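Residue-level structure breakdown
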Amino acid sequence: MKKLIIIMGCVLFMVSACGKDEPETPTKTTIVTLEEDFEEPENVSTKAHQQPTGELPLTGSAFINDLQGDPEKFLAAFNQLDEARQYYFCTAFAMGAMSVVKPITATAMVNYFMGLGAAKYRIGITDATYDAFNAGKNVFLHENLVNTILEEKICEDVMDKAATYAKDNKLDPAELDKRGKFEVEKVIEYITKNK
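Below or above, wherever it landed, is the structure these notes cover. Note that residues are indexed from 1 along each chain, following the sequence as it is written. Under the rules for a predicted model, residues below a pLDDT of 70 receive no local features and side-chain atom pairs below 80 are neither given nor counted, while totals for whole chains, interfaces and linings still include all residues. As a rule here, side-chain values cover all heavy atoms of the structure and leave hydrogens and water aside.

As for the overall build of the protein chain
Per the convention used, a helix needs a DSSP run of H or I reaching at least four residues, while a strand needs a run of E reaching at least two, with both numbered from the N terminus. Of regular secondary structure, the protein chain possesses 11 helices and 0 strands. Listed N to C, the secondary structure of the protein chain is α-α-α-α-α-α-α-α-α-α-α in terms of helices and strands. Remark: exposure states derive from per-residue accessible area (1.4 Å probe, protein chains only) relative to the maximum for the residue type, with buried under 20%, exposed over 50%, and partly exposed in between. Scored against the burial criterion, the 195 residues of the protein chain give a buried share of 47%. Look at the contacts in the protein chain between residues 6 or more apart in sequence, and 81% of them connect residues 24 or more apart. Carbon and sulfur atoms form 53% of the exposed surface of the protein chain, whose accessible area is close to 10,500 Å². Any two residues whose heavy atoms approach within 4.5 Å are treated as being in contact. Only the protein chains shown count as cover for residues, and all accessible areas are computed by the Shrake-Rupley method using a 1.4 Å probe.

Looking at the pattern of salt bridges
The working definition used for a salt bridge is a side-chain nitrogen of Lys or Arg within 4 Å of a carboxyl oxygen of Asp or Glu. In total, this model carries 4 salt bridges according to the counting rule given. Between Lys186 and Glu183 there is a salt bridge, and its shortest N-O distance comes to 3.1 Å. Of the two residues, Lys186 and Glu183 are both situated in helix 11 (residues 173-194); the distance of 3 residues between them amounts to about one turn of the helix. A single burial state applies to Lys186 and to Glu183, both of which are buried. Residues joined by salt bridges that share partners form a network here, namely Arg179, Glu183 and Lys186.

Focus: the packing of helix 7 (residues 103-121) against helix 11
Axis angles are defined between N-to-C directions and span 0 to 180 degrees, where every axis is a line fitted to C-alpha atoms and, for a helix, only to the segment in contact. At their nearest, the axes of helix 7 and helix 11 sit 6 Å apart, and the two run at 95 degrees to each other. In terms of axis orientation, helix 7 runs roughly perpendicular to helix 11. Where helix 7 abuts helix 11, its residues Ala108, Val110, Asn111, Tyr112, Met114, Gly115, Leu116, Ala118 and Ala119 lie against Pro173, Leu176, Asp177, Arg179, Gly180, Lys181, Glu183, Val184 and Val187. When the residues that make up the contact of helix 7 with helix 11 are grouped by side-chain class, the tally is 11 nonpolar, 3 polar and 4 charged. Throughout, the term roughly parallel applies to angles under 35 degrees, roughly antiparallel to angles over 145, roughly perpendicular to angles from 65 to 115, and oblique to all others. Nonpolar residues are Ala, Val, Leu, Ile, Met, Phe, Trp, Tyr, Cys and Pro. Charged residues are Asp, Glu, Lys and Arg, and all others, Gly as well, are polar.

Digging into the packing of helix 5 (residues 71-80) against helix 9 (residues 143-151)
Angle between the axes and distance between the axes: these two values describe a pair of packed helices. Remark: helix 5 packs on helix 9, axes separated minimally by 10 Å, with the N-to-C direction vectors making an angle of 55 degrees. Considering the angle they form, helix 5 stands oblique to helix 9. Considering the relative orientation of helix 5 and helix 9, their crossing is right-handed. Seen from helix 5, the contacting residues are Pro71, Phe74 and Leu75; seen from helix 9, they are Asn144, Leu145, Thr148 and Ile149. Broken down by class, the residue content of the contact of helix 5 with helix 9 amounts to 5 nonpolar, 2 polar and no charged. If you view the pair so one helix is near and one far, a crossing is left-handed when the near helix is turned anticlockwise from the far one by less than a right angle, and right-handed when it is turned clockwise.

A look at the packing of aromatic side chains
Any Phe, Tyr or Trp ring, taking Trp's six-membered ring, that has another such ring centre within 6.5 Å forms a pair; planes under 30 degrees apart are called stacked, those over 60 apart edge-to-face, and the others tilted. Summed over the entire model, instances satisfying the criterion amount to 9 aromatic pairs. With a centroid separation of 5.1 Å and 5 degrees between ring planes, the pair formed by Phe93 and Phe140 is classed as stacked. Within this pair, whereas Phe93 is found in helix 6 (residues 83-101), its partner Phe140 is found in the loop between helix 8 (127-138) and helix 9, the two being separated by 47 residues in sequence. For Phe140, a relative accessible area of 30% corresponds to the partly exposed category. Feature note: the residues Phe74, Phe78 and Phe89 constitute an aromatic cluster, connected by ring pairs.

What about helix 7?
Taking 1.5 Å per residue, 19 residues should reach 27 Å; helix 7 reaches 26 Å between its end C-alpha atoms and fits that length. One axis fitted to the seven residues ending at a residue, another fitted to the seven starting there: the angle between these axes is the bend at that residue. At Met109, helix 7 shows its maximal bend, which comes to roughly 35 degrees. After helix 7 finishes, the residue Arg122 shows a positive phi value of roughly 60 degrees. For a helix, the expected span equals 1.5 Å multiplied by the residue count minus one.

What about the nonpolar core?
One finds Phe74, Phe78, Tyr87, Phe89, Phe113, Leu116 and Ile149 to be the most contacted residues of the largest nonpolar core, which totals 46 residues. The biggest single contributor to this core is helix 6, with 10 residues. Only buried Ala, Val, Leu, Ile, Met, Phe, Trp, Tyr and Cys residues count toward a nonpolar core, and they belong to the same one when joined by side-chain atoms within 4.5 Å.

Section: helix 8
In this model, helix 8 (12 residues) spans 16 Å end to end at C-alpha, consistent with the 16 Å of a helix rising 1.5 Å per residue. Counting buried positions along helix 8 yields 9 of 12 residues, so the element is predominantly enclosed. By the burial criterion, the buried members of helix 8 are Ala128, Thr129, Tyr130, Ala132, Phe133, Asn134, Ala135, Gly136 and Asn138.

Printed below as a string of structure tokens:
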């Protein structure tokens, strides 16, 4: 559990450090808003090139039942996921880990993480990405899988790439937060529907 707290603290620090080299008062020329290059939420999942294809090797129930907490099976299944689904898996994992360490921070960051995923991968929460997100929530049922994720820095690497993308493209955190609220609403709808 100590490792989990330390790693999540590092991830949180890295995410919060994004953009610290930029001026305190960003100008319009240094911020890219999502409105310029992002379609309306209803249209995002309809584009064929944006939809993840193929069978999802890990869904909420399959993750728990089929993988049986086996780290090798987990790594093989995780590596079959496309980058968007890996990101949403890791978003749920990071949220779960942060909520243990600092629940207030986790609540504040969830919209940002979800908006960043939608911006970077051009796809929000759909059936396929929700399955990966749900699996990321369920991973905490298997301590050995959590340890594998932390030791191998699986989600740390995925989240670092996303944070670098946001920094390199000068994405406005307020815009990401706004976009993320829409994605969080979709997650809540899925959770409510599946109860």
